[in-house]
Amino acid sequence: MQFPTSIRDQLVEELENFLDAVATVDPEQVIDYLIEQIEIIGDDQGWDDIVSDMEEEGALDGSLKESLEAEVGSDDSFEFTGEEVVSVLERLVGIEWEYDDDDEDDEDDDDEDDDDF
């Protein structure tokens, strides 16, 4: 499964904001929030049933929610950060991130800035 890196960045940022806002991290709430954000992004992009597609692509034994909860719940030392939660998602589902056109333009702009020095 391939998605633009901007979606990864958006998921990480949303999760970080959510984690900063909660007093106590509840793994189930974090996973529910992640799935909700995936569905919102999927709807915005016009992708129907993105969660079901992820479950099929990852050949998961259960639902995406159950698989994510089992993965983060099985490791007592799991660090709940946006980056770590998204990393578990991409490993379970086999997500590959591809640069969007906007990302490539940003890199070109960065290269041009480097030439000024």
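Worth saying up front: this structure is predicted, and the values here are computed from it rather than measured. (Residues numbered from 1 in each chain as written. Predicted model: local features only at pLDDT ≥ 70, side-chain atom pairs only at ≥ 80, totals over all residues. Heavy atoms only, no water.)

### Structural notes on the packing of aromatic side chains
Within the structure shown, the criterion is met by four aromatic pairs. With a centroid separation of 5.3 Å and an interplanar angle of 55°, the aromatic rings of F3 and W47 are classed as tilted. Here F3 is found in strand β1 (residues 2–4), whereas its partner W47 is found in the loop between α2 (27–45) and α3 (50–57), with 44 residues between them in sequence. Given a relative accessible area of 28%, W47 falls into the partly exposed group. A centroid spacing of 6.2 Å and a plane angle of 45° characterise the contact between F3 and W97, whose relative ring orientation is tilted. Of this pair, F3 sits in strand β1 while W97 sits in strand β2 (residues 96–98), and the two are 94 residues apart along the sequence. Relative accessible area serves as the criterion here: at 22%, W97 is assigned to the partly exposed category. Grouped by ring-pair contacts, the aromatic residues F3, W47 and W97 constitute a single cluster. (Phe/Tyr/Trp six-rings, centres within 6.5 Å; stacked < 30°, edge-to-face > 60°. Helix = DSSP H or I, 4+ residues; strand = E, 2+ residues; numbered from the N terminus. Buried < 20%, exposed > 50% of the residue type's maximum accessible area, 1.4 Å probe, protein only.)

### Describing the confidence of the model for the chain
With 85% of its residues at a pLDDT of 70 or more, the chain has an overall mean of 82. At the level of individual helices and strands, the chain shows its lowest average pLDDT in helix α6 (residues 101–115), which scores 51, and its highest in helix α1 (residues 5–21), which scores 92. (pLDDT = per-residue confidence, 0-100.)

### A word on the packing of α1 against helix α5 (residues 82–93)
Where α1 contacts α5, the axes come no closer than 8 Å and their chain directions differ by 130°. Relative to α5, the element α1 lies oblique. Here α1 and α5 pass one another in a crossing that is right-handed. Along the contact surface, α1 presents R8, L11, V12, L15, E16 and L19, while α5 presents G82, E83, V85, V86, S87, L89 and E90. (Axes fitted to C-alpha atoms, helices over the stretch in contact; angles between N-to-C directions. Parallel < 35°, antiparallel > 145°, perpendicular 65-115°, else oblique. Left-handed = near helix turned anticlockwise from the far one by under 90°. Contact = heavy atoms within 4.5 Å.)

### A look at α3
All of the buried residues in α3 are I50, V51 and M54. Down the axis, α3 shows its buried residues gathered within 100° of arc, on one side only. Two residues or fewer after α3 comes A59, characterised by a positive phi angle close to 50°. (Arc of directions from axis to C-beta.)

### Considering the nonpolar core
Residues L11, L34, I38, M54, L64, L68 and L89 are the most contacted members of the largest nonpolar core, which totals 29 residues. Mapped onto this core, the elements with two or more residues apiece are α1, α2, α3, α4 (64–73) and α5. Element by element, the count of residues in this core is highest for α2, at seven residues. In this structure L68 touches I31, L34, I35, V88, L89 and L92, once residues within four positions along its chain are discounted. (Core = buried A, V, L, I, M, F, W, Y, C linked by side-chain atoms within 4.5 Å.)

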